[in-house]
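Chain residues, written in single-letter form:
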Amino acid sequence: MFMISIIQSDESKILFNTFYRNLLAGQIEKYPVPGKFKLAKNQLFPDKNTVFDWVCDKKSSGIWIPWINSIETSSMATTKIDDLFIYTSDNAMQMYFLKLWFQDQQPSLILGPPGNGKTATMLHYLSHLPTDKYISNIINLSHYTSAENVQEMIMSKIDRRRKGVYGPSMGKKIILAFDDFERSVNSESTENIVELLRQLLERKFWYDSKEACRVELIDFLFTGAMAPPTNRAKSLFLRFVHHVNIIPSKPLNETIASSIFSGVLEKHLSNNGFSLQICQLSQVGNCTLQNIHSII
């Protein structure tokens, strides 16, 4: 389901949802259900929403739960407003697969339109990893970042294990987290970054730009966040993307935007000692969105 959802539009997901539910119910004559294939009621997708909005919970006999219930949300009681993270079904799904790929030591990349919280989700997940097992090296790319800059930023965080081999402290993994990765793809002056990282993921080594010697990297994980590349950069992006697991990020719709802004406002009011009646006014975010739509 997850892999199919990456390439489907919202309209296609609705059509596939109807088709798949009918297929499981045996209502499509062309594709009859095998006689030995039987699903209990709790194993079927709930009627609410689409099949893409649910994840199988193995801990509860394989029942389907909403994405947001698949993560352990930290307590918001003592969270500062600047560090507040509002959980949604979209970022819950992203963190679910970040955890999955990290456990399997596989590279990942969150891909989606600008301004929908990809970076916030990635950084929030990284900030909750155990520090005795992981070291995060967050690299913010720009049009002025060169491949040599990237090499220096990575090498500055790792140690020499033996001749020609470098890695983090023993017993730890270093996470190479790239933000605004599309800037290295879309910029002519920094395309070497993509090729450098492609070689690192494919061959696990690169060459020192000064001494021209081979440098092998061990115990590292790759992740990043990026917007879709421009048309000119698509061929370059395709050379790189088959080395990573893509995690899709949907555009920020009105429902998600309202839940995020209302949650932030509610936390701000409660932190400053306002009464429960005032805190409930946080739903004013819905009114604000309605006013914006009426003006536009």
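So, here's what we can say about the structure. (Residues numbered from 1 in each chain as written. Predicted model: local features only at pLDDT ≥ 70, side-chain atom pairs only at ≥ 80, totals over all residues. Heavy atoms only, no water.)

1. Topic: the pairing of strand 9 (residues 214–217)
Reasoning step 1: Going residue by residue along strand 9, you find Val215 and Leu217 tucked away on one face and Arg214 and Glu216 left uncovered on the opposite face.
Reasoning step 2: Here 2 bridges tie strand 6 (residues 165–167) to strand 9, and the two strands are oriented parallel to one another. Across the sheet, the residue bridging to Tyr166 is Leu217, located in strand 9.
Reasoning step 3: Here strand 8 (residues 205–207) folds back onto strand 9 in antiparallel fashion, the turn holding 6 residues, of which Ala212 has a positive phi close to 55°. (Buried < 20%, exposed > 50% of the residue type's maximum accessible area, 1.4 Å probe, protein only. Helix = DSSP H or I, 4+ residues; strand = E, 2+ residues; numbered from the N terminus. Pairing = 2+ DSSP bridges.)

2. Considering the sheet that holds strand 4 (residues 134–140)
Reasoning step 1: With respect to topology, 5 strands assemble into an open sheet ordered 4-7-10-3-11, the strand pairing being parallel. Each of the sheet's edge strands pairs with one partner strand only, and the pair in question is strand 4 and strand 11 (245–248). When the angles between neighbouring strand axes are averaged without regard to direction, this sheet yields 20°.
Reasoning step 2: Strand direction decides the pairing type here: strand 3 (residues 108–111) and strand 11, joined by 4 bridges, are parallel. (Axes fitted to C-alpha atoms, helices over the stretch in contact; angles between N-to-C directions.)

3. Digging into the packing of aromatic side chains
Reasoning step 1: Here the structure, examined in full by the defined rule, presents 18 aromatic pairs.
Reasoning step 2: Measuring from ring centre to ring centre gives 5.8 Å for Phe16 and Phe52, while their planes differ by 40°; the resulting arrangement is tilted. Here the residue Phe16 occupies a position in helix 2 (residues 10–24), and Phe52 occupies one in the loop between helix 2 and strand 1 (54–57), the gap between them amounting to 36 residues. An identical accessibility class is assigned to Phe16 and Phe52; each is buried.
Reasoning step 3: Where Phe85 meets Tyr87, the ring centres are 5.2 Å apart and the plane angle is 75°; that geometry is what we call edge-to-face. Of the two residues, Phe85 and Tyr87, both sit in the buried class.
Reasoning step 4: Every member of this aromatic cluster is reached through a ring pair, and the members are Phe16, Phe19, Tyr20, Tyr31, Phe45, Phe52 and Trp64.
Reasoning step 5: Its guanidinium or amino end placed over the ring of Phe205, Arg214 lies 3.9 Å from that ring's centre, counting from NZ or CZ. (Phe/Tyr/Trp six-rings, centres within 6.5 Å; stacked < 30°, edge-to-face > 60°. Lys NZ or Arg CZ within 6 Å of the ring centre and 35° of its normal.)

4. Some remarks on the pattern of salt bridges
Reasoning step 1: Under the counting rule described, the total for this entry stands at 6 salt bridges.
Reasoning step 2: Linking Lys173 and Asp219 is a salt bridge whose minimum nitrogen-to-oxygen distance equals 3.3 Å. Pair noted here: Lys173 is in strand 7 (residues 173–179) and Asp219 is in the loop between strand 9 and strand 10 (220–226), with a separation of 46 residues, a long-range link.
Reasoning step 3: Overall, Lys173 belongs to the partly exposed group, its relative accessible area being 21%.
Reasoning step 4: A relative accessible area of 25% places Asp219 in the partly exposed class. (Salt bridge = Lys/Arg side-chain N within 4 Å of Asp/Glu carboxyl O.)

5. Here we look at the sheet that holds strand 5 (residues 159–162)
Across a sheet, paired strands are connected by hydrogen bonds in the backbone, their directions being either parallel or antiparallel.
Reasoning step 1: On the basis of which strands lie adjacent, the open sheet formed by 4 strands has the order 5-6-9-8 and mixed pairing. The open sheet has two free edges, formed respectively by strand 5 and strand 8, since each of these has just one partner strand. The average angle at which neighbouring strand axes cross in this sheet is 35°, direction not considered.
Reasoning step 2: By the bridge criterion, 3 bridges tie strand 5 to strand 6 in an arrangement that is antiparallel. If you follow Arg160 over to strand 6, its bridge partner there is Tyr166.
Reasoning step 3: Relative to strand 8, helix 7 (residues 191–203) is tilted by about 140°, and along the sheet it contacts strand 8 and strand 9. (Contact = heavy atoms within 4.5 Å.)

6. Looking at unusual backbone geometry
Reasoning step 1: Phi at Gln105 takes a positive value of approximately 55°, unusual for a residue other than glycine.
Reasoning step 2: Tracing the backbone shows Gln105 in the loop between helix 3 (89–103) and strand 3.
Reasoning step 3: If you check the backbone angles, Asp180 has positive phi at about 55° while not being a glycine.
Reasoning step 4: The topology assignment puts Asp180 in the loop between strand 7 and helix 6 (182–186).
Reasoning step 5: Given the relative accessible area of 22%, Asp180 is considered partly exposed.

7. Things to note about the packing of helix 5 (residues 147–155) against helix 7
Reasoning step 1: One can describe the packing of helix 5 onto helix 7 by two numbers: an axis separation of 8 Å at closest approach and a directional angle of 45°. In terms of axis orientation, helix 5 runs oblique to helix 7. Judged by residue contacts, Ala147, Val150 and Gln151 of helix 5 engage Asn192, Ile193, Leu196 and Leu197 from helix 7. (Parallel < 35°, antiparallel > 145°, perpendicular 65-115°, else oblique.)

8. Observations concerning the environment of Asn42
Reasoning step 1: If you trace the backbone, Asn42 turns up in the loop between helix 2 and strand 1.
Reasoning step 2: Accessibility expressed as a relative area gives 40% for Asn42, which makes it partly exposed.
Reasoning step 3: As for Asn42 and Gly62, which are separated by 20 residues in sequence, their C-alpha atoms are 8.1 Å apart.
Reasoning step 4: The contact partners of Asn42, leaving out residues within four places of it in the chain, are Ser61, Gly62, Ile63 and Trp64.

9. Here's the deal with the environment of Asp83
Reasoning step 1: Topologically, Asp83 is positioned in the loop between strand 2 (63–66) and helix 3.
Reasoning step 2: A sequence separation of 41 residues divides Asp83 from His124, and the C-alpha atoms of the two residues are 9.0 Å apart.

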